[in-house]
Amino acid sequence: MAELNGRPVGADELQALALTNYGHFTSMRVEEGRVRGLALHLARLARDCRAVFGVELDTGRVRELAARAAPAAGTAVLRVTVFDPALDIGRLGAGGRPQVLVTTRPAVDLPLPPLRVRSVRFVRDAPEIKSVGLFGSLRQRRAAQLAGFDDALFTDAGSAVSEGGTWNVGFVRDGQVLWPAARCLVGTTMELVKQVHGSVTEPVRLADLAGFEAAFATNVAIGVQAISAVDGLALPGGHPVIDLLRRKYLDLPGDRL
């Protein structure tokens, strides 16, 4: 399903998104018409619209369009993409009239099996914005998978860990949850986990990982997913703290669209 401003979208209208690839989005896991962190998703869309297009976004209208497209029952991943179908790649500074594209796809059952990830030196362009420009991240994911891993874990030039391909990363040390202090996209799932369970934030380097008890990934599609390996370092595929985070997250009732 794909709707632009509440109506079926045409191929011509998608050309700017496909060819220019300028815009931003958020993805929500909808369960029986409810979304965990709905206010966080809407706030992200408003913030990113100001950063990408320099205009305010009507989040009330976005919520209406999302509710219209969401399944009445069951579970799905709903994506709201904000872009300008009339955008001219040669005149990006001429302003813009961003529109709202809503799409849905099936959601996977949770929890998922642990991830095996490969570290790579890579920093996304404007990582604080959830932009539609995913080429760099997906290229690193593909390279990691060709090397026998599931995904890529990004570090900076000093080997400081930041985030995964399309997810945040957290660690467990002495029973405490630790998030890396680095430039990254702060995901809604990460923010919700922080709200339901205490944690600390500090720099994490690859060399530190051997001293941690466990690692995990978070985003709306995967929830809280254990990481069982980083490069050649084996980590437990399960841990009581990760199980607790997963239960607390899944117990959040969410808000009705």
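Refer to the structure printed above.
Note that the coordinates shown come from a computational prediction; the quantities given were computed from them, not determined experimentally.

### Describing the packing of aromatic side chains
For the coordinates displayed, the defined rule picks out four aromatic pairs. Look at Tyr-22 and Phe-53: their rings are 5.6 Å apart centre to centre, the planes differ by 90°, and that puts the pair in the edge-to-face class. Of this pair, Tyr-22 sits in the loop between α1 (11-20) and β3 (23-31) while Phe-53 sits in helix α2 (residues 38-53), and the two are 31 residues apart along the sequence. Exposure remark for Phe-53: the relative accessible area of 11% places this residue in the buried category. On the basis of an interplanar angle of 40° and a centroid distance of 5.1 Å, the ring pair of Phe-171 and Phe-212 is categorised as tilted. Of this pair, Phe-171 sits in strand β10 (residues 168-173) while Phe-212 sits in the loop between β12 (199-202) and β13 (214-219); the two residues are 41 residues apart in sequence, bridging distant segments of the chain. Above the face of the Phe-25 ring, Arg-79 is positioned so that its terminal group lies 3.7 Å from the ring centre.

### Focus: the nonpolar core
If you look at the biggest cluster of nonpolar residues, it comprises 22 residues, and the most contacted ones within it are Leu-57, Val-62, Leu-78, Val-80, Val-100, Val-102 and Leu-257. When contributions to this core are tallied by element, the ones reaching two or more residues are β3, α2, α3 (59-69), β5 (75-83) and β6 (99-106).

### Quick notes on the pairing of β13
For β13, the tally of buried residues reaches six of six residues, placing the bulk of the element in the interior. The side-chain alternation of β13 yields two buried faces, one formed by Ala-214, Phe-216 and Thr-218 and the other by Ala-215, Ala-217 and Asn-219. Here β10 runs beside β13; their pairing, made up of five bridges, is antiparallel. Looking across to β13, one finds that Asn-168 is bridged to Thr-218. Taken together, the five bridges between β13 and strand β14 (residues 223-230) define a ladder with antiparallel strand orientation. The partner of Ala-217 across the bridge, within β14, is Gln-225. Hairpin remark: β13 followed by β14, antiparallel, with three residues in the connecting loop.

### Side note on helix α5 (residues 188-196)
Turning to α5, its buried residues are Thr-188, Thr-189, Met-190, Leu-192 and Val-193. As for α5, its buried residues are in contact with α2, β10, β11 (176-180), β13, β14 and α6 (240-251).

### Quick notes on the sheet that holds β5
In space, the seven strands of this open sheet follow the order β2-β1-β6-β5-β3-β4-β16, with antiparallel pairing throughout. Only two strands of the sheet have a single partner each, and these edge strands are β2 (7-8) and β16 (255-256). Bridging between β3 and β5 involves nine bridges; their strand directions are antiparallel. Looking at β5, one finds that Met-28 is bridged to Leu-78. Here α2 sits on the sheet and contacts β3, β4 (34-35), β5 and β16; the angle it forms with β3, its principal contact strand, is near 170°.

Procedures and definitions
Residues numbered from 1 in each chain as written. Predicted model: local features only at pLDDT ≥ 70, side-chain atom pairs only at ≥ 80, totals over all residues. Heavy atoms only, no water. Phe/Tyr/Trp six-rings, centres within 6.5 Å; stacked < 30°, edge-to-face > 60°. Helix = DSSP H or I, 4+ residues; strand = E, 2+ residues; numbered from the N terminus. Buried < 20%, exposed > 50% of the residue type's maximum accessible area, 1.4 Å probe, protein only. Lys NZ or Arg CZ within 6 Å of the ring centre and 35° of its normal. Core = buried A, V, L, I, M, F, W, Y, C linked by side-chain atoms within 4.5 Å. Pairing = 2+ DSSP bridges. Contact = heavy atoms within 4.5 Å. Axes fitted to C-alpha atoms, helices over the stretch in contact; angles between N-to-C directions.

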